[in-house]
Amino acid sequence: MNKKTLFPLALVPLAATSLQAQSNIQAERTDKRPNIILFMVDDMGWQDTSLPFWTQKTHYNELYETPNMERLARQGMMFTQAYASSISSPSRCSLITGANAARHRVTNWTLKKNTMTDRKDKQLTVPEWNYNGISQVPGTNNTFVGTSFVQILKDSGYHTIHCGKAHFGAIDTPGEDPHHWGFEVNIAGHAAGGLASYLGEENYGHTKNGKPISLMAVPGLEKYWGTETFVTEALTLEAIKALDKAKKYNQPFYLYMAQYAIHIPLNKDKRFYDKYKKKGMTDHEAAYATLIEGMDKSLGDLMDWLEKNGEADNTIIIFMSDNGGLASESGWRDGKLHTQNYPLNSGKGSTYEGGIREPLIVSWPGVVAPDSKCDKYLLIEDFYPTILEMAGIKKYKTVQPIDGISFVPLLKQTGNPSKGRSLFWNMPNNWGNDGPGINFNCAVRNGDWKLIYYYGTGKKELFNISDDIGENNDLSAQHPDIVKKLSKELGSYLRKVDAQRPAFNATGKPCPWPDEVK
């Protein structure tokens, strides 16, 4: 037993001055490892910020206001080529297991147990993917079993806090509850990947009697019901309370701040709405902008807490989004569809850059050079070994293979784990919306080259991403040798990790792998 725990207990009967001495003793934290905050945004596009991640400012950078992202970037490193999956569940499952989506097979969004969320297709049948999500324990069908890096952090001495969106497992499966993943504190996290309402006036999706109006009702924020507190603000207030508590524990903490913003519905945040309307934006686009700025305020509030509590110099902050910005629904986005992530093509659900390229910023005081930028690529499963390395944990056991590669060398500028590496995506599903690069495809990126293969048609597209970030110029006809090489690499990888593919409705036969089609 820890002697520092026994010593103060022996002093309980003594005077208040002795109690003060006791608190001074407790205030000395012996574990000097850094605190870690992973600030995960939902459905945030690469251009949904005033911080330019491209080589030039776009009109979106001029419209949106994210001063705290700019503040964080001044403290740390921006990554211009950080990738995730094109949909929430695959990304978040890769994050917490370190496995590529092709391996863990949670390749579409999850919600109800034993229920696929795919739209029916006239030509193709979706494979039996892991629609129940992920779990740390076996026993549930259509589930990937993996060891959580949060569990490893907790077991090593970190105090672990979850706040906001979880979306790891379907309802009534072990993975639906963040506690299952090693989080000691869970604020408002459950099986759903969206929310019924951002509004306290609407009880975040509950009736006056407390009954959820849908499976997307946000749980656990009853104290804010009936108030004008936007859910983004409510989650931030609760996270800060959890940090106040964590400060007293004399442990390093890991906070997973997973805002529901900027997922639909586009409820307007009245704190910022008038400002964007005065910029000439439509009602929808102004509401979208308020979700972005409200999220940014949350980031700033957490940074302020760190500074006021003397924790800023020993806290790593990682800012990331789980997939590209929504660009395929005219009911929510105004203007020409599939252009809302310009200069990137398409958006959420798409294997084009607009669906998978994310805004990543990492601040690590004393380690990462301030106001720096990295143009090397990485994928969301890389967060798993990276965060554990940040926490000084080098040896650990997992039940699953770890596909992620630590990008600490990129942060320290001591090496390039991206050199010669290929990144892989697999989407054998029918998400529900249509658009460029959406549904029934897979892809590989190696160096400047990116190959996309469409299961239903056998079509292949080849892009040079460094020259053509908007993926407007298909070079497959000009470079058949590169197409053949990448097709072989992609097909071999998908078979190696036991990935899935759709089948043709007419014959029941599986679609060919990319290297089986010329």
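Quantities reported herein were computed from a predicted structural model and do not represent experimental measurements.

*Asks:* I would appreciate a short explanation of the layout of surface pockets in the present structure.
*Replies:* Rolled over the atoms, a probe sized like a water molecule indicates the empty space that remains. Considered as a void within the structure, the largest pocket measures approximately 430 Å³ in volume. Thr 80, Gln 81, Arg 357, Asp 375 and Ser 466 are, among the 24 residues lining the largest pocket, the residues nearest its centre. Mapped onto the lining of the largest pocket, the elements with two or more residues apiece are strand E2 (77-83), strand E11 (372-379) and strand E13 (441-446). Of all the elements, E11 adds the most residues to the lining of the largest pocket, at four residues. Taken together, the residues of the lining of the largest pocket break down into six nonpolar, nine polar and nine charged. Taken as a whole, the second largest pocket holds about 340 Å³ of empty space. For the second largest pocket, the lining is made up of 20 residues, of which Trp 109, Met 216, His 263, Ile 264 and Lys 348 are closest to its centre.

*Asks:* Sorry if this is basic, but what is going on with the packing of helix H8 (residues 231-247) against helix H10 (residues 283-308) here?
*Replies:* Each packed pair of helices is defined by two parameters, the angle between the axes and the distance between the axes. Contact pair H8 / H10: the axes reach a minimum separation of 10 Å and the direction vectors enclose 15°. Judged on the interaxial angle alone, H10 and H8 are roughly parallel. At the point where H8 passes H10, the crossing takes the right-handed sense. Each of Thr 232, Glu 233, Thr 236, Ala 239, Ile 240, Leu 243, Asp 244 and Lys 247 in H8 lies in contact with H10, whose residues at this interface are Gly 294, Met 295, Lys 297, Ser 298, Asp 301, Leu 302 and Trp 305. Class assignment for the residues of the contact of H8 with H10 results in six nonpolar, four polar and five charged.

*Asks:* Which parts of the structure should I look at to understand the pairing of strand E12 (residues 422-427)?
*Replies:* If a strand is regular, its side chains alternate between the two faces of the sheet. Counting buried residues in E12 gives six out of six residues, a clear majority hidden from the surface. Every second residue of E12 is oriented toward a common face, with Ser 422, Phe 424 and Asn 426 on one face and Leu 423, Trp 425 and Met 427 on the other, all of them buried.

*Asks:* Can you help me understand the side chain of Asp 301 in this one?
*Replies:* Position of Asp 301 among the secondary structure elements: in helix H10. When near neighbours in sequence (up to four residues on either side) are disregarded, Asp 301 contacts Glu 233, Thr 236 and Ile 240.

*Asks:* Please clarify how the pattern of salt bridges should be interpreted in this entry.
*Replies:* When their charged atoms lie close together, side chains carrying opposite charge are able to pair. If you walk through the whole model with that rule in mind, you get 32 salt bridges. Across the pair Asp 304 and Arg 71 runs a salt bridge, and its minimum N-O distance is 2.8 Å. Linking Asp 304 in helix H10 with Arg 71 in helix H4 (residues 67-75), this pair joins segments that are 233 residues apart in sequence. For Asp 304, a relative accessible area of 28% gives the class partly exposed. Taking relative accessible area as the criterion, Arg 71 reaches 16% and is therefore assigned buried. In this structure, Lys 450 and Glu 353 form a salt bridge, with 2.8 Å as the shortest nitrogen-oxygen distance. In this pair, Lys 450 sits in strand E14 (residues 449-454) while Glu 353 sits in helix H11 (residues 353-356), placing the two residues 97 residues apart along the sequence. The pair Lys 450 / Glu 353 is uniform in exposure class, with both members buried. One network of salt bridges, in which partners are shared, links Glu 233, Asp 269, Arg 271, Lys 297 and Asp 301.

Calculation criteria
- Residues numbered from 1 in each chain as written.
- Predicted model: local features only at pLDDT ≥ 70, side-chain atom pairs only at ≥ 80, totals over all residues.
- Heavy atoms only, no water.
- 1 Å grid on protein atoms, 1.4 Å probe; cavity = no way out; pocket = protein on both sides within 12 Å on 5 of 7 lines; lining within 4 Å.
- Points joined across faces, edges and corners; volume = space filled by probe spheres on them.
- Helix = DSSP H or I, 4+ residues; strand = E, 2+ residues; numbered from the N terminus.
- Nonpolar A, V, L, I, M, F, W, Y, C, P; charged D, E, K, R; others polar.
- Axes fitted to C-alpha atoms, helices over the stretch in contact; angles between N-to-C directions.
- Parallel < 35°, antiparallel > 145°, perpendicular 65-115°, else oblique.
- Left-handed = near helix turned anticlockwise from the far one by under 90°.
- Contact = heavy atoms within 4.5 Å.
- Buried < 20%, exposed > 50% of the residue type's maximum accessible area, 1.4 Å probe, protein only.
- Salt bridge = Lys/Arg side-chain N within 4 Å of Asp/Glu carboxyl O.

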